[in-house]
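# Examining the three-dimensional arrangement
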Amino acid sequence: MIEIPQSLLEDAALGDVRAFEEIYQAASGFVYNVALRIVRNSQDAQEVTQDVFMKIYHNLKSFGFRSAFRTWIYRIAVNTAIDRYRQILRQNKGRLDYDAVQAEGSCSPAVLEKASQLDNQAKLSKLLDTLNPEQKACVLLREIEGLSYRDIAGVLKIPVNTVRSRLKRARQALLQYARGEKGLT
Amino acid sequence: MKCSKVCDLLKSDYLDAELSKELCRKIDNHLEQCPACRLLKQELDSQRIALRGLKQQEAPEQIWENVQSAILKEQSEKQKNVFGCAWEGLMRFLCPPRPAFVLITTSAVFIIILFVGKLILNQPGSFDTASSNDLFKDYRLNGFTETYNFGTEIEEYFL
């Protein structure tokens, strides 16, 4: 995410829509992609992104610059997306569940067969879909945004050891899935 | 160092450069001697490359349009509320709350009645009867005879 100057944040906090648009341009890519990876469909990802920016707009005055703005946006984005994902699960219980996919075994022939028909990007997305939202958030913050364990712990408000174990399990699950896919094709 | 320990560290701290230099060196030494762990490292490296190559999608323009219209709507409502508050304050100043208003009105009416009454009473010839002083001035006890002076000849005739 591009660095956002404090003066821009102060202007946006005073209600300057142009300043807020610049913040949106700098952060919307990350927010939308995190939402898309976690909720897994563009309609919900758009709603999540919209919610995230309305939350940012409403809370800019009380933000107070006590923590890094980037960390704050990451936290709002990840939490809003995970909340939305859980809401979707409650509303639609018949939907494919990350945990269920993992429980079935990442080498499930049906899942792999479907994955093998997709292109590389789709395969990667499918690969990520084998993770639960918390693991996925850690992987995205680490691999895409390049945050350290300490920063991820700060964003998600969890201990550093939890970050470490989530990343380890996520990588293990991804490896198993990839090995299974390779074995089948 | 055991393979299980190396595998654990490869999947977390080693890959993410969160290890001390000394531990890194130990793992590197192990990797040189252990083909299984080396293979795991290669797999993890290619997994990382694949994840970092994950295409980032641009947020649809519709989102900003929605956010912008929501913000502008909120701002106009806020402005309306500011004007509404100012108007309410003015009205409260001009028309005080009910109990105070009732008290002030009652007091004003009472004062007006007193004032008007006094004006009427002070007008000459309004009441031409004998004043209370005149009425009782000649009332006296005179031995057994009571004399009443009511001030008019007709009254004296009948009495």
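Described in the following lines is the structure provided in the data block.

Reading guide: rules and limits
Residues numbered from 1 in each chain as written. Chains lettered and ligands numbered in written order. Predicted model: local features only at pLDDT ≥ 70, side-chain atom pairs only at ≥ 80, totals over all residues. Heavy atoms only, no water. Helix = DSSP H or I, 4+ residues; strand = E, 2+ residues; numbered from the N terminus. Buried < 20%, exposed > 50% of the residue type's maximum accessible area, 1.4 Å probe, protein only. Areas by Shrake-Rupley, 256 points an atom, 1.4 Å probe, with all protein chains shown as cover. Core = buried A, V, L, I, M, F, W, Y, C linked by side-chain atoms within 4.5 Å. Domains from an automatic or database assignment. Contact = heavy atoms within 4.5 Å. Buried area = accessible area lost by both parts, 1.4 Å probe. Salt bridge = Lys/Arg side-chain N within 4 Å of Asp/Glu carboxyl O. Polar contact = N/O pair within 3.5 Å; in protein donor to acceptor, adjacent residues only side chain to side chain. Nonpolar A, V, L, I, M, F, W, Y, C, P; charged D, E, K, R; others polar. Axes fitted to C-alpha atoms, helices over the stretch in contact; angles between N-to-C directions. Parallel < 35°, antiparallel > 145°, perpendicular 65-115°, else oblique.

## Focus on the overall build of chain A
Helices and strands together make up the secondary structure of chain A, namely 10 helices and 0 strands. The N-to-C order of helical and strand elements in chain A reads α-α-α-α-α-α-α-α-α-α. Burial status across chain A gives 50% buried among its 185 residues. A total accessible area of about 8700 Å² is found for chain A, and carbon and sulfur atoms account for 47% of it.

## Here we look at the nonpolar core
In terms of nonpolar packing, the biggest core is built from 69 residues, with A:Phe20, A:Ile23, A:Ile56, A:Leu60, A:Phe69, A:Leu141 and A:Leu156 touching the most fellow members. The residues that make up this core include at least three from each of domain 1 (1-92) and domain 2 (108-180) of chain A. Apart from residues lying up to four places away in sequence, A:Ile23 is in contact with A:Ile4, A:Leu8, A:Leu9, A:Ala12, A:Phe53, A:Leu60 and A:Phe69. Within the second largest apolar cluster, 14 residues are counted, among which are B:Leu9, B:Cys24, B:Leu31 and B:Cys34.

## So, the interface of chain B and chain A
With 34 residues of chain B in contact, the opposing surface of chain A contributes 37 residues. When the area that chain B buries against chain A is broken down by residue, the three leading residues are B:Leu51, B:Leu54 and B:Trp64, summing to 19%. Taken together, the connections running from chain B to chain A amount to 6 salt bridges. Our count for the contact surface shared by chain B and chain A stands at 19 residue pairs in polar contact (both at pLDDT 80 or more). Mapped by element, the contributors of at least two residues to the side of chain B that touches chain A are α1 (3-14), α3 (35-52) and α4 (61-94) of chain B. Of the residues assigned to the side of chain B that touches chain A, the class counts are 14 nonpolar, 8 polar and 12 charged.

## With respect to the packing of helix α8 (residues 133-144) of chain A against α3(B)
The interhelical angle for the contact between α8(A) and α3(B), taken along N-to-C directions, is 85 degrees, at an axis separation of 10 Å. It follows from the interaxial angle that α8(A) and α3(B) lie roughly perpendicular. Only B:Arg48, B:Leu51 and B:Arg52 of α3(B) make contact with α8(A), whose side of the interface consists of A:Val139, A:Arg142, A:Glu143 and A:Ile144. Residue composition of the contact of α8(A) with α3(B), by class: 3 nonpolar, no polar and 4 charged.

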